[in-house]
Amino acid sequence: MLQVKLIVTGDDFGYCPRRNQGIVDCFLAGAVSNVSLLVNGSAAADAAKLARRYNIPIGLHANLSEGSPVCEVLKKNSSLLNQDGFFHGKMGFRTALSKGLLNMSEVKQELKAQVELFHELTGHLPPHMDGHQHIHVLPEVRHVFAEVLEEYGIKYTRVPIEPGLQNCDWIPPSLMDFYLGVEEDSFNTVDVFTRHGISQSTWTALKQPVSEGEKGTATHTAVHQESVTLLLRQFYNRDSAGEFSGNPACSRAPRATEGAGLVSVYL
């Protein structure tokens with residue numbers, strides 16, 4: 001009989017002090033067993049210290065869309081930056097990529113810099129690595145991402161494939177278009193990661209609507225070999241202000257209500 005180990009991962013560790021505390025609280029309560037670190041987050045160093053203090057297993061949540069680069073060379077003159085000197089944002093990154101405006105050598109340079117900073121902050125390489133806002137499955141980026149994982153011997157990532165997604169009729173059309181685009185990118189990514197020897201968890205959608213005045217996705221699950229991934233996104237109050245690396249664009253992003261953490265669950 002197949003035995004499966006449950007691992008619950010809190011994403012966006014390091015985003016801000018409030019989110020750090022929420023994720024740590026979840027870990028201490030036994031609800032989270034692993035975290036995924038944003039090394040360019042405003043509270044990344046504190047997050048790494050918390051992981052050491054409480055012996056929390058930790059991986060890398062690579063970020064090319066929010067905040068600023070960690071690579072010094074790319075902080076002033078880079079295709080990865082908008083006119084304000086920050087990353088292009090969730091949709092801005094995708095727009096710049098579709099227009100051929102992103103230099104893939106700079107993408108690789110920043111990803112490697114984030115792996116190195118992760119090592120500096122934690123004392124070890126990440127056992128798993130994925131992309132903030134699913135940037136790691138985008139065209140062109142997926143190849144560079146896979147190369148970086150292979151170079152550093154990072155064997156695990158996740159790919160957001162969600163069978164049944166189109167049956168979630170409660171999702172607004174604009175969001176559905178985005179999710180379907182992510183899923184299509186993910187299907188096109190599987191073979192790339194496989195060729196580089198990277199194990200992947202995929203998802204199967206199991207979603208429910210959110211209440212009025214809140215936003216977020218509910219639950220996702222999926223099976224890949226001996227792993228199942230369940231992503232539980234926390235819900236946000238639309239009026240809350242966020243914190244992220246001094247990026248004005250992120251000041252409009254919602255902050256987690258009561259410090260709850262974004263969690264993904266691997267079975």
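Structure first, text after, so check above.
Figured I'd write up the structure that's included with this text. (Residues numbered from 1 in each chain as written. Predicted model: local features only at pLDDT ≥ 70, side-chain atom pairs only at ≥ 80, totals over all residues. Heavy atoms only, no water.)

## Here we look at the overall build of the protein chain
A tally of helices and strands in the protein chain yields six helices and twelve strands. Sequence separation of 24 or more characterises 68% of the internal contacts of the protein chain that already satisfy a separation of 6 or more. Carbon together with sulfur atoms contributes 51% to the accessible area of the protein chain, which is approximately 12,400 Å² in total. (Helix = DSSP H or I, 4+ residues; strand = E, 2+ residues; numbered from the N terminus. Contact = heavy atoms within 4.5 Å. Areas by Shrake-Rupley, 256 points an atom, 1.4 Å probe, with all protein chains shown as cover.)

## Some remarks on the pairing of strand β2 (residues 34-37)
Burial of β2 is two-sided: the residues N34 and S36 facing one way and the residues V35 and L37 facing the other way are all buried. Both β2 and strand β3 (residues 58-62) contribute to a ladder of three bridges, which runs parallel. Across the sheet, L37 pairs through a bridge with L60, a residue of β3. Since β2 and β3 lie parallel, the crossover through helix α2 (residues 44-53) that links them has a hand, and here it is right-handed. (Buried < 20%, exposed > 50% of the residue type's maximum accessible area, 1.4 Å probe, protein only. Pairing = 2+ DSSP bridges. Right-handed = clockwise from strand over helix to strand, strands pointing away.)

## Thoughts on the packing of aromatic side chains
In the structure shown here, the tally under the stated rule is two aromatic pairs. Considering the side-chain rings of F145 and F193, the 6.1 Å spacing of their centres and the 40° angle between planes classify their relative orientation as tilted. Here the residue F145 occupies a position in helix α5 (residues 141-152), and F193 occupies one in helix α6 (residues 173-195), the gap between them amounting to 48 residues. Summarising the burial analysis for this pair, F145 and F193 share the class buried. Above the plane of the ring of Y15 lies R19, whose end atom (NZ or CZ) is 4.2 Å from the centre. (Phe/Tyr/Trp six-rings, centres within 6.5 Å; stacked < 30°, edge-to-face > 60°. Lys NZ or Arg CZ within 6 Å of the ring centre and 35° of its normal.)

## A short note on the environment of E72
Residue placement: E72 occurs in the loop between β3 and α3 (90-98). With relative accessibility at 59%, the residue E72 sits in the exposed group. In the structure, E72 is positioned 38 residues away from E110 in sequence and 9.3 Å away in space, judged by C-alpha atoms.

## A closer look at α6
Helix length check: α6 (23 residues) gives 34 Å between terminal C-alpha atoms against 33 Å at 1.5 Å per residue, within 8%. Residue T189 marks the point of greatest curvature in α6, where the axis turns by about 35°. Along α6, the residues that are buried comprise M176, F178, Y179, V182, E183, D185, S186, T189, V192 and F193. Of the residues trailing α6, G197 is marked for its positive phi of about 75°. (Expected span 1.5 Å × (residues − 1). Bend = angle between axes of the 7 residues up to and from the residue.)

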